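# What the coordinates show
So you can see what is in the structure, the chains are spelled out below.
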Amino acid sequence: MNVEPSIQSKLLDLAAVDAELTRIEHRRKVLPEQQEVQRLEEERTTRKDAAVKVEILIDDLDRDIRKLETEVDSVRKREQRDRGMLEAGSVGAKQLSELQHELTSLERRRTVLEDDMLDVMERREAAAADHQHAGANLSKAEEDLADARRRRDEALADLEVAARRCATDREGLLTAFPTELLGIYDKQRAQHGVGAALLQARRCGACRIELDRGEIARIAKTDPEVVVRCPECGAIMVRTKQSGL
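Described in the following lines is the structure provided in the data block.

## A few points about the overall build of the protein chain
In terms of helices and strands, the protein chain carries 5 helices and 4 strands. In sequence order, the protein chain lays out its α and β elements as α-α-α-α-β-β-α-β-β. A fraction of 74% describes how many contacts in the protein chain between residues 6 or more apart in sequence connect residues 24 or more apart. Accessible surface for the protein chain amounts to roughly 15,400 Å². Of this, 49% is attributable to carbon and sulfur atoms.

## What to know about the pattern of salt bridges
Throughout the structure, instances matching the rule amount to 32 salt bridges. The closest approach of N and O atoms between Arg-63 and Asp-60, which form a salt bridge, is 2.5 Å. Of this pair, Arg-63 and Asp-60 both sit in helix 2 (residues 32-88), 3 residues apart, roughly one helical turn. Classification of Asp-60 by relative accessible area gives partly exposed; the value is 29%. Residue Glu-102 pairs with Arg-78 through a salt bridge whose shortest N-O separation is 3.9 Å. Taken as a pair, Glu-102 in helix 3 (residues 93-174) and Arg-78 in helix 2 lie far apart in primary sequence, 24 residues in all.

## Topic: the environment of Gln-35
Counting through the fold element by element, Gln-35 comes out in helix 2. A sequence separation of 117 residues divides Gln-35 from Arg-152, and the C-alpha atoms of the two residues are 9.1 Å apart.

## What to know about the pairing of strand 1 (residues 196-200)
Most of strand 1 sits out of view: 4 of its 5 residues are buried. Bridging between strand 1 and strand 4 (residues 236-238) involves 3 bridges; their strand directions are parallel. Bridge assignment links Leu-198 to a residue of strand 4, and that residue is Val-238. In sequence, strand 1 turns back onto strand 2 (residues 203-204) through a hairpin of 2 residues, with Ala-201 there showing a positive phi of about 50°.

## Comments concerning the sheet that holds strand 4
On the basis of which strands lie adjacent, the open sheet formed by 4 strands has the order 2-1-4-3 and mixed pairing. At either end of the open sheet lies a strand with only one pairing partner, and these are strand 2 and strand 3 (228-229). Contacts between helix 1 (residues 5-29) and the sheet are confined to strand 1 and strand 4, with strand 4 contributing the most and set at about 110° to the helix.

## Overview of the nonpolar core
If you look at the biggest cluster of nonpolar residues, it comprises 14 residues, and the most contacted ones within it are Leu-11, Leu-14, Phe-177, Leu-181, Tyr-185 and Ile-236. Contributing elements (two or more residues each) for this core: helix 1, helix 4 (179-192) and strand 4. Per-element accounting of this core gives the leading share, 4 residues, to helix 1. Listed in part, the 12 residues of the second largest apolar core include Val-75, Leu-106, Leu-113 and Ala-127.

## Some points on the side chain of Ser-243
Its place among the elements puts Ser-243 in the segment after strand 4. Within the structure, the side chain of Ser-243 is placed 2.5 Å from the backbone oxygen of Leu-199, a separation counted as a polar contact. Not counting the four nearest positions on each side in its chain, Ser-243 is found in contact with Leu-198, Leu-199, Gln-200, Ala-201 and Val-238.

## Overview of helix 4
Across its 14 residues, helix 4 extends 20 Å between first and last C-alpha, which sits within 8% of the 20 Å expected from 1.5 Å per residue. Of all the residues in helix 4, the buried ones are Leu-181, Leu-182, Tyr-185 and Gln-188. Each buried residue of helix 4 lies within a common arc of 130° when the element is viewed along its axis, so the set occupies one face. For helix 4, the exposed residues set more than 90 degrees away from the buried face come down to Thr-179, Glu-180, Lys-187, Ala-190 and Gln-191.

## Points about the state of the cysteines
One pass over the full model with this rule turns up 0 disulfides. Free cysteine Cys-230: the closest other cysteine sulfur is in Cys-207, separated by 3.7 Å. You can call Cys-230 buried: its relative accessible area is 4%. Here Cys-233 is not cross-linked by a disulfide; its sulfur's nearest cysteine counterpart is in Cys-230, at 3.8 Å. The exposure class assigned to Cys-233 is buried, which follows from its relative accessible area of 16%.

Here is what the cut-offs are and how they apply
- Residues numbered from 1 in each chain as written.
- Predicted model: local features only at pLDDT ≥ 70, side-chain atom pairs only at ≥ 80, totals over all residues.
- Heavy atoms only, no water.
- Helix = DSSP H or I, 4+ residues; strand = E, 2+ residues; numbered from the N terminus.
- Contact = heavy atoms within 4.5 Å.
- Areas by Shrake-Rupley, 256 points an atom, 1.4 Å probe, with all protein chains shown as cover.
- Salt bridge = Lys/Arg side-chain N within 4 Å of Asp/Glu carboxyl O.
- Buried < 20%, exposed > 50% of the residue type's maximum accessible area, 1.4 Å probe, protein only.
- Pairing = 2+ DSSP bridges.
- Axes fitted to C-alpha atoms, helices over the stretch in contact; angles between N-to-C directions.
- Core = buried A, V, L, I, M, F, W, Y, C linked by side-chain atoms within 4.5 Å.
- Polar contact = N/O pair within 3.5 Å; in protein donor to acceptor, adjacent residues only side chain to side chain.
- Expected span 1.5 Å × (residues − 1).
- Arc of directions from axis to C-beta.
- Disulfide = S-S within 2.5 Å.

Below is the structure:
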């Protein structure tokens, strides 16, 4: 097809805008700020899991303490009952011996239970400190995540502004091209990423492949209005004074 050279040259402006749009879209997909958000989300989840694990441990220890307190209380009541019976002097010699033996056993049992409870309470105190530390870590992670999301949103907003600007520029350029030429350009861009590029120093600006001398000679003899395409990648090759033909 034939198109005025001045219009063909404007394809370079369109290609530049489209290249910028492609870069913007790529940046959206690999945005460092988004990657940082994802990293911090994972870190927050890890720290939240750690805090929950400590909370579960504290609940278990509290349950153990309550159980031990109940057992200690039960043993003390039995001790009080037996001592009351001994002090009342209302039991026979055989029962007296049995009560004394039982009191000795109860004292040993209470000592074991109290030691166990002390151990559990110490573990509970340590767990409470761990929970406080885990909570502080979680709060820090949430603060860092909120800040990262803010920076991510700002970066996305900047990209959106740039994309809208490019879209406006593109709309303004489209009116300059014949429908057929634009169709070729868009199809080529959809298939290969670049619709048009400058022919310079015997190289296609789209695929960067150097054309052989025979092809360059053929292009040099081709009327400037004829739309020339790269024999390698199919992109429209725009010829200007920089092409050196």
